[in-house]
Amino acid sequence: MNRALFVQLRSGPPAAEVYRRTIEITVRAEQLGFGTVWFATRHFEAHHAALPSVFPFVAAAAQHTRHIRLGTGVVTVPFEHPVRLAEDAAVTDALSDGRLELGLGKGLGFGHSATSYAGFGVSDAERETIYTQRVGEIHRILESGRVGDEVALYPPPGCLRSRIWQSTGNIDTARRIARAGDGLLPHGNSQARAGGSVTELVNAYLAECRTTPRIGVSVAVLPGDSERDSLALLDTDIALSPRYYSEPVDLQKYLVDNRISIGNVDQIASRLAEDPDRPAATDVLYYIPLAVHHPRYLDVLARVATLSPSETFTTA
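Only a predicted model underlies this, so the values are computations on that prediction, with no experimental measurement involved. (Residues numbered from 1 in each chain as written. Predicted model: local features only at pLDDT ≥ 70, side-chain atom pairs only at ≥ 80, totals over all residues. Heavy atoms only, no water.)

Draft legend 1. Representation of the overall build of the chain. Helix and strand counts for the chain come out as eleven helices and twelve strands. Taking 2.2 N^0.38 as the reference for a compact globule, 316 residues should give roughly 20 Å; the C-alpha atoms of the chain span a radius of gyration of 19 Å, in line with that estimate. A buried classification covers 53% of the 316 residues belonging to the chain. A fraction of 73% describes how many contacts in the chain between residues 6 or more apart in sequence connect residues 24 or more apart. Total accessible area on the chain is roughly 13,600 Å²; 52% of this is exposed by carbon and sulfur atoms. (Helix = DSSP H or I, 4+ residues; strand = E, 2+ residues; numbered from the N terminus. Rg over C-alpha atoms; globule rule 2.2 N^0.38 Å. Buried < 20%, exposed > 50% of the residue type's maximum accessible area, 1.4 Å probe, protein only. Contact = heavy atoms within 4.5 Å. Areas by Shrake-Rupley, 256 points an atom, 1.4 Å probe, with all protein chains shown as cover.)

Below you can see the structure in the form of structure tokens.
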């Protein structure tokens, strides 16, 4: 089972500082044995995110690493021309020596992507139709290596078609992802779902899957010396990112709503193992709910690296 890291870059500090710090985290994740780092991508500071253009960032991170795989989490397809997206992905894959994991999606909904749809002049009501059509085009281009009968994609995409993942909270989309042979990045927060279990998404995917499944399940963890120490980490984060926490935070409610496991590593491992809603996975994406410039982020990352996903997740 692949152990991965999911990083959300927050706005606030100067963008260059956030990007340099995230590359430092990526280098450390490689040293700690993580197989993949996924970078959250959203536009116009939606939900205070700080990475609207993921391909140049992945290309930059690739120049500082050697082995770790680098994932786009995710490119919002309705905002992209399929040919340009395929070109950007192919160039980024070449610069990373074939380490790109191409994550695609349609936006979270629930207000998180409404500004982005307006900014790109795309009708939110047409997201499903646009997404389905363009993903089909991306599949065709990367599989054939051609954008038309007489026009080849450059650079050649190699096996990039086999490294497409799609993120969704929609059960019908999960089924289509399986039939396409893509990897699944399930989430419980979308226009189709109002939070909660992703198990039914995984089950729908597995029921239609006719190839080796790829399922990346996210889990939020905040390991410290103790539960009190984990809460102190979060207190520091709130002080560092007042815009991100726009209202007074009820810590216990925040932990429950965001399904964040706290305590020392042993406590977190035990709680994850006891959670009945831990679906089958091939990749576990650990999310550390701290700003990347938090003074103890790297310390927490080292603790996360000691968690064993095989003890808390079953393999698809």
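Draft legend 2. Structural context of the pairing of strand 2 (residues 36–40). Burial analysis of strand 2 places five of its five residues in the buried class, the great majority of the element. Summarising the sheet, strand 1 (residues 2–7) and strand 2 pair through four bridges and their orientation is parallel. Residue pairing across strands places A4 opposite T36, the latter belonging to strand 2. Handedness of the strand 1-helix 1 (residues 15–31)-strand 2 crossover: right-handed. Pairing between strand 2 and strand 3 (residues 69–73): five bridges, direction parallel. (Pairing = 2+ DSSP bridges. Right-handed = clockwise from strand over helix to strand, strands pointing away.)

Draft legend 3. Layout of the nonpolar core. The biggest cluster of nonpolar side chains holds 88 residues, and the ones touching the most others in it are L5, F34, F39, L102, L104, L222 and I288. For this core, the leading source of residues is helix 2 (residues 54–62), giving six residues. Other than its neighbours up to four places away in sequence, L102 contacts F55, T72, L85, A89, L142, L160, R163, I164 and W165. (Core = buried A, V, L, I, M, F, W, Y, C linked by side-chain atoms within 4.5 Å.)

Draft legend 4. Molecular detail of helix 5 (residues 127–144). Across its 18 residues, helix 5 extends 26 Å between first and last C-alpha, which sits within 8% of the 26 Å expected from 1.5 Å per residue. Burial in helix 5 covers these residues: R127, I130, Y131, V135, I138, H139, I141 and L142. Considering only its buried residues, helix 5 is in contact with helix 3 (82–95), strand 5 (100–105), helix 4 (114–119), strand 6 (146–148), strand 8 (164–168) and helix 6 (171–180). Downstream of helix 5 by one or two residues, G145 has phi in the positive range, about 75 degrees. (Expected span 1.5 Å × (residues − 1).)

Draft legend 5. How the structure looks around the pairing of strand 9 (residues 183–186). Residue alternation in strand 9 divides its side chains into two sets, G183 and L185 and L184 and P186, and both sets are buried. Sheet topology places strand 8 next to strand 9; four bridges connect them, and they run parallel. The residue bridging Q166 from the neighbouring strand is L184, located in strand 9. You can see the chain leave strand 8, run along helix 6 and come back into strand 9, and the turn it takes is right-handed.

Draft legend 6. Summary view of the packing of helix 6 against helix 7 (residues 199–208). Across the interface, helix 6 lies against helix 7 with an axial gap of 8 Å and an inter-helix angle of 35 degrees. Where helix 6 crosses over helix 7, the two elements pack in a sense that is right-handed. Between helix 6, through I171, A174, R175, I177, A178 and R179, and helix 7, the contact on the second element is made entirely by E200, L201, A204, Y205 and E208. (Axes fitted to C-alpha atoms, helices over the stretch in contact; angles between N-to-C directions. Left-handed = near helix turned anticlockwise from the far one by under 90°.)

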